[in-house]
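Chains, contacts and geometry: an overview
The residues making up each chain are set out below.
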Amino acid sequence: MTELPVGPTEPVGEDRILLGLNTFGDVGVEPDGTPQAHAEVLRQLLEQAELADAVGLHAFGVGEHHRKDYAVSAPEVFLAAAAARTTRIRLGSAVTVLSSDDPIRVFQRFSTVDAISSGRAEVMLGRGSFVESFPLFGFDLADYEVLFEEKLELFSRVRLQQPVHWEGRTRPALAGLSVYPPLEHHLLPTWIGVGGTPESVLRCAHYGYPIIFAIIGGQPRSFRPLADLYREAMAKYGHPMQQMATHSPGHVAPTDEEAREEFYPHWLTLRNRLGAERGWGPAGRPEFDAMCAPEGALYVGSPETVARKIALLKQNLGVDRFDLKYSSGPLPHSAMMRSIELMGTAVAPKVAELLGS
């Protein structure tokens, strides 16, 4: 696939889609069944980032969580380490929980990663699908909405790399203070991660940021009205169109059968663990198989199968980028490494062929 010169978040055209990876640093298990040490998971994660870079994937994102089943709680620290061991791949969060963080410190940490990586940093902001960070850092869940609204506004002003004037009710006012270090040659590429509500789409378009939809269930084509809403809102607000992306779980193996059998027990463990926390009923094989179907939200299968699903996603939603959430509960490191390798060496060329790029 021929790489075309595009800006970090410019749309890539009708015959192309960028391919990235996301992970939360899911904690696996040792051969004796005990959980892996978080430190071991983080070291393995660096190997995964290196491989993603080596096989030519576009981006590598790590999500912020504060719970025992995920090892990444400080994305920027990990990304700085990954920057020193990679050369081309974009490095970002997936997502940074802005509501329970300081927008100024978020900017400073990512501008530092940008310097270390020679301009490859990006930040994905969101409210997060878990709330452990609120009590951990002393925030009231009753302020869930206002915290994100005010902190997103403040971050957007800091991102302009001009003296900041801001006031709100969630922190002391700023009167013309500057934030360092600035980025060298551009503004920090900033995405908003959304789960699927029109309000979140309109908020993202208001600021003119690229958008990424987390599609973890149902059918990706059902997000078409939200994709259209984003395009319309960007035009209404007078912003140049930015990239649209989606994030979905999946796994690549040499054959469909091998991919499904390898991924299913780990998907089930994770799905039912989270389901028990959130009041969902237990899942089973019928749900999994339905989600692996051509119109489903799980990108599980051979390189051919996964490539065809990604090409269909491009056709249905017109997105510029697809990020595979390749880790899933206790899925082994070796299986993830093979999935990453196939994503770059087999899926990417097939997608390019299918799209005619």
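Our subject in this report is the structure included herewith. (Residues numbered from 1 in each chain as written. Predicted model: local features only at pLDDT ≥ 70, side-chain atom pairs only at ≥ 80, totals over all residues. Heavy atoms only, no water.)

1. A word on the overall build of the protein chain
Of the regular secondary structure elements, the protein chain holds 11 helices and 12 strands. A compact globule built from 357 residues would reach a C-alpha radius of gyration of about 21 Å, and the protein chain, at 20 Å, matches this within 12%. Its C-alpha atoms put the protein chain at 60 × 45 × 40 Å along the principal axes. Taken over 357 residues, the protein chain has a buried fraction of 54%. When contacts within the protein chain are restricted to residue pairs at least 6 apart in sequence, long-range pairs at least 24 apart make up 72% of them. Accessible surface for the protein chain amounts to roughly 14900 Å². Of this, 56% is attributable to carbon and sulfur atoms. Side-chain charges in the protein chain split into 33 positive and 44 negative, and the spacing between the mean points of these groups amounts to 2 Å. (Helix = DSSP H or I, 4+ residues; strand = E, 2+ residues; numbered from the N terminus. Rg over C-alpha atoms; globule rule 2.2 N^0.38 Å. Buried < 20%, exposed > 50% of the residue type's maximum accessible area, 1.4 Å probe, protein only. Contact = heavy atoms within 4.5 Å. Areas by Shrake-Rupley, 256 points an atom, 1.4 Å probe, with all protein chains shown as cover. Lys, Arg positive; Asp, Glu negative; His and termini not counted. Charge placed at Lys NZ, Arg CZ, Asp CG, Glu CD.)

2. Digging into the packing of helix α6 (residues 198–207) against helix α7 (residues 224–236)
Packed helices, taken two at a time, are described by their axes: the angle between them and the distance between them. Look at α6 against α7: their axes get within 9 Å of each other, and the N-to-C directions meet at 30°. If you check the angle between α6 and α7, you find them roughly parallel. Of the two elements, α6 crosses α7, and the hand of that crossing is right-handed. Between α6 and α7, the residues in contact are Pro198, Val201, Leu202, Cys204 and Ala205 and Leu226, Leu229, Tyr230, Ala233 and Met234, respectively. Taken together, the residues of the contact of α6 with α7 sort by class into 10 nonpolar, no polar and no charged. (Axes fitted to C-alpha atoms, helices over the stretch in contact; angles between N-to-C directions. Parallel < 35°, antiparallel > 145°, perpendicular 65-115°, else oblique. Left-handed = near helix turned anticlockwise from the far one by under 90°. Nonpolar A, V, L, I, M, F, W, Y, C, P; charged D, E, K, R; others polar.)

3. Topic: the nonpolar core
Counting residues in hydrophobic clusters, the biggest one holds 89 residues, and the most contacted among them are Phe60, Ile310 and Met343. The element best represented in this core is helix α11 (residues 333–355), accounting for 9 residues. One finds Ala94, Val95, Met124 and Trp191 within the second-largest nonpolar core, a separate group that totals 6 residues. (Core = buried A, V, L, I, M, F, W, Y, C linked by side-chain atoms within 4.5 Å.)

4. Thoughts on the pattern of salt bridges
Two side chains carrying opposite charge are able to pair once their charged atoms lie near each other. Taken as a whole and assessed by the stated rule, the structure comprises 28 salt bridges. With a closest N to O distance of 3.3 Å, lysine 350 and glutamate 353 form a salt bridge. Linking lysine 350 with glutamate 353, this pair stays in helix α11, spanning 3 residues, or about one helical turn. For lysine 350, a relative accessible area of 16% corresponds to the buried category. By relative accessible area, which is 55% here, glutamate 353 ends up exposed. Through salt bridges with shared partners, a single network forms among Arg67, Asp69, Glu132, Arg273 and Glu277. (Salt bridge = Lys/Arg side-chain N within 4 Å of Asp/Glu carboxyl O.)

5. A closer look at the packing of aromatic side chains
Inspection of the entire model under this criterion finds 12 aromatic pairs. Measuring from ring centre to ring centre gives 6.0 Å for tyrosine 207 and tyrosine 209, while their planes differ by 15°; the resulting arrangement is stacked. Overall, tyrosine 207 belongs to the partly exposed group, its relative accessible area being 22%. In this structure tyrosine 209 comes out as buried when scored by relative accessible area, which is 3%. Taken together, a centroid distance of 5.7 Å and an interplanar angle of 65° make the contact between phenylalanine 213 and phenylalanine 223 edge-to-face. Linking phenylalanine 213 in strand β9 (residues 211–214) with phenylalanine 223 in the loop between β9 and α7, this pair joins segments that are 10 residues apart in sequence. Phenylalanine 213 gets classed as buried once you look at its relative accessible area, which sits at 1%. Among the residues examined, phenylalanine 223 registers a relative accessible area of 10% and is labelled buried. Grouped by ring-pair contacts, the aromatic residues Phe263, Tyr264, Trp267 and Phe288 constitute a single cluster. The ring of tyrosine 299 is capped by lysine 309, whose NZ or CZ atom sits 5.0 Å from the centre of that ring. In this arrangement the basic side chain of lysine 325 is found over the ring face of phenylalanine 24, its NZ or CZ atom lying 4.7 Å from the centre. (Phe/Tyr/Trp six-rings, centres within 6.5 Å; stacked < 30°, edge-to-face > 60°. Lys NZ or Arg CZ within 6 Å of the ring centre and 35° of its normal.)

6. Some words on the layout of surface pockets
What the largest pocket holds in volume is close to 1100 Å³. In terms of lining residues, the largest pocket is bounded by 47 residues, among which Phe24, Ser129, Ala214, Ile216 and His247 are the most central. For the lining of the largest pocket, the secondary structure elements donating two or more residues are β5 (121–126), α5 (144–159), β8 (190–194), α6, β9, β10 (244–252), α8 (256–278) and α9 (285–292). It is α8 that provides the largest number of residues to the lining of the largest pocket, a total of 6 residues. Per-class residue counts for the lining of the largest pocket are 23 nonpolar, 16 polar and 8 charged. (1 Å grid on protein atoms, 1.4 Å probe; cavity = no way out; pocket = protein on both sides within 12 Å on 5 of 7 lines; lining within 4 Å. Points joined across faces, edges and corners; volume = space filled by probe spheres on them.)

7. What to know about α6
Those residues of α6 lying buried are Ser200, Val201, Arg203, Cys204 and Ala205. Tucked inside the fold, the buried residues of α6 contact α5, β8, β9 and α7. Of the residues flanking the end of α6, it is glycine 208, one or two places downstream, whose phi is positive at about 75°.

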